[in-house]
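# Remarks on the overall topology
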Amino acid sequence: MQSASFTLASPSPSLSLLKSRRQPSSFSFNPRFDPIRASSSSSNLNSDSFNVNLSTRRSWSLSSSSSSSPFKLRPWNAPPPCYSDAETNRFEVKATSVPEAAGEKPESSALFKTLELGALFGLWYLFNIYFNIYNKQVLKVYPYPVTVTAIQFAVGTVVVSLMWGLNLYKKPNVSSSQLAVILPLAVVHTLGNVFTNMSLGKVAVSFTHTIKAMEPFFSVVLSAMFLGELPTFWVVASLVPIVGGVALASVTEASFNWAGFWSAMASNLSNQSRNVLSKKVMVKSEESLDNITLFSIITVMSFILLAPVALFMEGVKFTPTFLQSAGLNVNQIYTRSLLAALCFHAYQQVSYMILQRVSPVTHSVGNCVKRVVVIVSSVLFFKTPVSPINTLGTGVALSGVFLYSQVKRLKPKKA
């Protein structure tokens, strides 16, 4: 609050008391106005001053009709106060000190984002665990991996359509040229999921994911062949424990068979081909499509591509009549297939949501941890027999994947 001081000059030696016209006996004011306090520091005329509060709506000034008449008070509207440079600077300092409490907002926002990211990682792992469990339960009694994969894409297509129809996610405007570019990605994405389900139907979940830990190896080879990206020494060194660990785990795997092994390897090749194609042809063409939208379009296209193939290769073997004739529990198969499909689409969506919030290196580290969680949970749930050497091989392979994700941060020095 700013105050102002006025100096009065009068023929009389001092001014001890002011009297109003209406109240000659005492000096008082209406409660709606601020009082005027007069003080005198010495007997000199120039030392007497009045402190007037300018923050009120009305203030008072002193006037006299003549030099001999007593002073009278009359109301007046004070002009805006003028501040000196020093006062202005002081005011600015006080103004900048006000938002100190606002410093808590960035901290709380950062905490919220951390909790949100942790929840997404938890959902990513949880959906992946349940997908592998339900999917394996279905494939153990229903050995038709192409049909199972087509059903998963069909459920994903329904989910995507609902998201777009209910405006839960913006429906993209995709041109025919963009669809032509996305088509190869949809093809390899479809093959990757079909081969993964073929492997899960033949071998244990833990072994399938141990083999799929070799994805970095295929990524390095394909990037060197088609993108000209030569790996550094440390990247190549990190591939050694990956390949060695998978080989050690394969030799000691109780459920090993070549069909399951090569299906998982083909899945690695397909998935990494998709990543290479994304870098090669999608860099400029699809800048307007985010990862979730691109995945949604690929899901719909994969269903359109795979549905006729499934009918041609495996026939109509998903009707209640066929399942009952095969001695299967219809409700159980349908329920588990639906849950597996929903978990499949959910963990893919959450994975892309995480990728939008963290760096690719952090995402790959999280993917490595996810594979460990899936392997351990599947071993415990299905009570898969695992030997100490098999455990060692799996651990070495996953350690190599973690090292690979770390050395990818190291950029080669330019000559």
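The structure contained in this document is the topic of the report that follows. (Residues numbered from 1 in each chain as written. Predicted model: local features only at pLDDT ≥ 70, side-chain atom pairs only at ≥ 80, totals over all residues. Heavy atoms only, no water.)

Attention now goes to the overall build of the chain. For the chain, the helix and strand inventory stands at 13 helices and five strands. Taking all 415 residues of the chain together, the buried fraction comes to 38%. Pairs at least 24 apart in sequence give 80% of the contacts found in the chain among residues at least 6 apart. For the chain, the computed accessible surface area is about 24000 Å², with 64% contributed by carbon and sulfur atoms. (Helix = DSSP H or I, 4+ residues; strand = E, 2+ residues; numbered from the N terminus. Buried < 20%, exposed > 50% of the residue type's maximum accessible area, 1.4 Å probe, protein only. Contact = heavy atoms within 4.5 Å. Areas by Shrake-Rupley, 256 points an atom, 1.4 Å probe, with all protein chains shown as cover.)

Following both chains from N to C, one finds helix α4 (residues 176-202) and helix α9 (residues 291-314) inclined at 70 degrees, their axes separated by 8 Å at the closest point. Judged by the angle between their axes, α4 and α9 are roughly perpendicular. The two elements α4 and α9 meet at a crossing, and its hand is right-handed. For the pair formed by α4 and α9, the contact residues are L179, I182, L183, L185, A186, V187, H189, T190 and V194 on the first element and L294, F295, I297, I298, M301, S302, L305 and L306 on the second. (Axes fitted to C-alpha atoms, helices over the stretch in contact; angles between N-to-C directions. Parallel < 35°, antiparallel > 145°, perpendicular 65-115°, else oblique. Left-handed = near helix turned anticlockwise from the far one by under 90°.)

Our focus in this paragraph is the environment of K408. Within the secondary structure layout, K408 lies in the segment after α13 (388-407). Given a relative accessible area of 44%, K408 falls into the partly exposed group. As a C-alpha pair, K408 and P231 span 177 residues in sequence and 9.3 Å in three-dimensional space.

With that out of the way, let us pick up unusual backbone geometry. Not every positive phi belongs to a glycine, and N167 is a case in point at roughly 60 degrees. Along the chain, N167 turns up in the loop between α3 (145-165) and α4. The exposure class assigned to N167 is exposed, which follows from its relative accessible area of 66%. Positioned with a positive phi, K383 is a non-glycine residue whose angle comes to about 55 degrees.

This structure, assessed with the given rule, holds 20 aromatic pairs. Here the aromatic rings of F131 and Y347 are separated by 5.7 Å at their centres, their planes lie at 45 degrees, and the arrangement is tilted. Of this pair, F131 sits in helix α2 (residues 104-141) while Y347 sits in helix α11 (residues 330-355), and the two are 216 residues apart along the sequence. Residues F131 and Y347 agree in their burial class; the two are buried. An aromatic cluster of at least three residues, connected via ring pairs, comprises F207, F256, W258, F261 and W262. (Phe/Tyr/Trp six-rings, centres within 6.5 Å; stacked < 30°, edge-to-face > 60°.)

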